[in-house]
Amino acid sequence: MRTSTTYQIICLPGDGIGPAVTRAALDVMQELGRACGFRLDVDEHRIGGAALDATGSPFPAETQTACTNADAVFLGAVGGPEWDDTPGDRRPEAGLLALRKHLGVYANLRPVVVPEALADASPLRPEQVAGTGVLIVRELTGGIYFGTPAERAASEARNTMRYTRHEIERIADIAFAQARQRGSRVTSVDKANVLEVSQLWRDVVTAVHADEYPDVALDHLYVDNAAMQLVQRPTDFDVILTSNLFGDILSDLAATFPGSLGLLPSASLGSDVGLFEPVHGSAPDIAGQNVANPIAALLSGAMLLDALGESDAAASLRHGVDAALDAGHRTADLARNGEPPVSTTEMAAHVASYATDKLTPSASVP
Ligand code: IPM
Ligand code: MN
């Protein structure tokens, strides 16, 4: 038996349903830690609207320091109608962008899987969507989100879409390396028929491919066409490599495939501390009711555990999610006609019980 490891996790619950889904997921992760011989030491800090209200900043200095010293950061969601009229640099979203930049997490991995049990919940035809497994690799700390000048005057405003060769090379590296562990196909998405920055993107991706990953299949699509192809033939895609803005849009599109935005996790990685967060937003309309789907947070937790090297716990957590869905447990976003939905905490408890059964099979075998 190895001696027990303790990891320092900074939890940033944020706004809306963020606190409920992070709490539910961390409870399950801590339980798995006890079964697998590690401890998650969790410290909560403020971000987004909650931080704005308490401190006047959406990403206060004490949160910054805590995140820098963590083994991983686990985030819920930010934003809500209360802060719609706040000026741009003090909106809750600005806190999330500042956090990403602060941690240098340039690679955002968003896996979109359609669990077999959910093919009938998809807005696409079940036979069209069944078996979809796409990984969106979105550049996260550059592009038009961060380019300068970015400014607004009374009757004119502008943003700048900018990428350097270095920024494109490092995200392309991540996408090709991920592809090697999956279906060995990368589709790079740009708008090279119009934008100079996309022409550089395409040239650099082509060069990284030729120099280092000739064994991986590569194709290029314009973003408008990519949106259409993704809907028409989702199962043909393996890894999608794209920039910050296009990745933001395409990942919400792909998030509809399994029938609810409440299912999709993400990991944002750089060279040091990783950030793990559900793709969904803060869903203020259902906040505080214990009805939100915790699966996106749970699967983000599995990505966090993998990044810590706790792959047994991560695998059992994923198994727990699949088993709970297979058994028919559904939160309100996925509930089928006439069937009563389970709550956030009930769903997490189901996942925990299937996940721990897998780890200690003797306990459930007579
Ligand atoms: C996301 C979100 C964020 C983004 C917002 C909240 C700033 O939509 O993580 O996809 O645009 O990156
Ligand atoms: Mn988004």
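Thresholds applied
Residues numbered from 1 in each chain as written. Chains lettered and ligands numbered in written order. Predicted model: local features only at pLDDT ≥ 70, side-chain atom pairs only at ≥ 80, totals over all residues. Heavy atoms only, no water. Helix = DSSP H or I, 4+ residues; strand = E, 2+ residues; numbered from the N terminus. Buried < 20%, exposed > 50% of the residue type's maximum accessible area, 1.4 Å probe, protein only. Contact = heavy atoms within 4.5 Å. Near = heavy atom within 4 Å. Polar contact = N/O pair within 3.5 Å; in protein donor to acceptor, adjacent residues only side chain to side chain. Areas by Shrake-Rupley, 256 points an atom, 1.4 Å probe, with all protein chains shown as cover. Pairing = 2+ DSSP bridges. Axes fitted to C-alpha atoms, helices over the stretch in contact; angles between N-to-C directions. Domains from an automatic or database assignment. Buried area = accessible area lost by both parts, 1.4 Å probe. Salt bridge = Lys/Arg side-chain N within 4 Å of Asp/Glu carboxyl O. Nonpolar A, V, L, I, M, F, W, Y, C, P; charged D, E, K, R; others polar.

## Some remarks on the overall build of the chain
The number of helices and strands found in the chain is 13 helices and 12 strands. Principal-axis analysis of the C-alpha atoms gives the chain an extent of 65 × 50 × 50 Å. Per-residue burial over the chain gives 50% buried out of 366 residues. Once local pairs closer than 6 in sequence are excluded, the contacts in the chain between residues at least 24 apart make up 76%.

## Here we look at the site of ligand 1
Every residue lining ligand 1 is accounted for by Glu 93, Arg 100, Arg 110, Arg 138, Tyr 145 and Asp 248. Tyr 145 is positioned such that a nitrogen or oxygen atom in its side chain is 2.5 Å from an oxygen atom of ligand 1. Contacts to ligand 1 include Asp 248, whose side-chain N or O atom sits 2.9 Å from an oxygen atom. About the coverage of ligand 1: the protein hides 77% of its 320 Å² of free accessible area.

## Quick look at the side chain of Ser 268
Within the fold, Ser 268 resides in strand S11 (residues 265-269). When its relative accessible area of 0% is taken as the criterion, Ser 268 is described as buried. Looking at Ser 268, its side chain comes within polar contact range of the side chain of Asn 108, at 3.1 Å. Not counting chain neighbours up to four residues away, the residues in contact with Ser 268 comprise Val 105, Ala 107, Asn 108, Leu 140, Gly 274, Leu 275 and Glu 277.

## Concerning the sheet that holds strand S4 (residues 107-113)
If you trace the 10 strands from one edge of the open sheet to the other, you get S2-S1-S3-S12-S11-S4-S5-S10-S8-S9, paired in mixed fashion. Only two strands of the sheet have a single partner each, and these edge strands are strand S2 (38-44) and strand S9 (217-222). For this sheet, the mean inter-axis angle between neighbouring strands, taken without regard to orientation, is 25°. In this structure, strand S5 (residues 133-139) lies alongside strand S10 (residues 239-242), joined through 4 bridges in parallel fashion. Residue Leu 135 lies in a different strand from S10, and its bridge partner there is Val 239. Sitting on the sheet, helix H7 (residues 196-212) is in contact with S5, strand S8 (185-190), S9 and S10, with an inclination near 175° to S9.

## A closer look at the side chain of Arg 100
Secondary-structure assignment places Arg 100 in helix H4 (residues 92-103). Apart from residues no more than four positions distant in its own chain, Arg 100 is found in contact with Val 105, Arg 110, Arg 138, Leu 140, Thr 141, Leu 275 and Glu 277.

## Observations regarding the domain arrangement of the chain
You can read the domains of the chain as domain 1 (1-105 + 264-366) and domain 2 (133-256). With centres defined by C-alpha atoms, the gap from domain 1 to domain 2 works out at 26 Å. The partner domain 2 presents 8 residues to the 8 residues of domain 1 that form the contact. Contact with domain 2 buries surface across domain 1, with Leu 97, Arg 100 and Lys 101 losing the most and accounting together for 55% of the total. Joining domain 1 to domain 2, the criterion identifies 0 salt bridges. At the junction of domain 1 with domain 2, the criterion picks out 1 residue pair in polar contact (both at pLDDT 80 or more). With 3 residues, H4 is the single largest residue contributor to the side of domain 1 that touches domain 2. Here the residues of the side of domain 1 that touches domain 2 are counted per class, giving 4 nonpolar, 2 polar and 2 charged.

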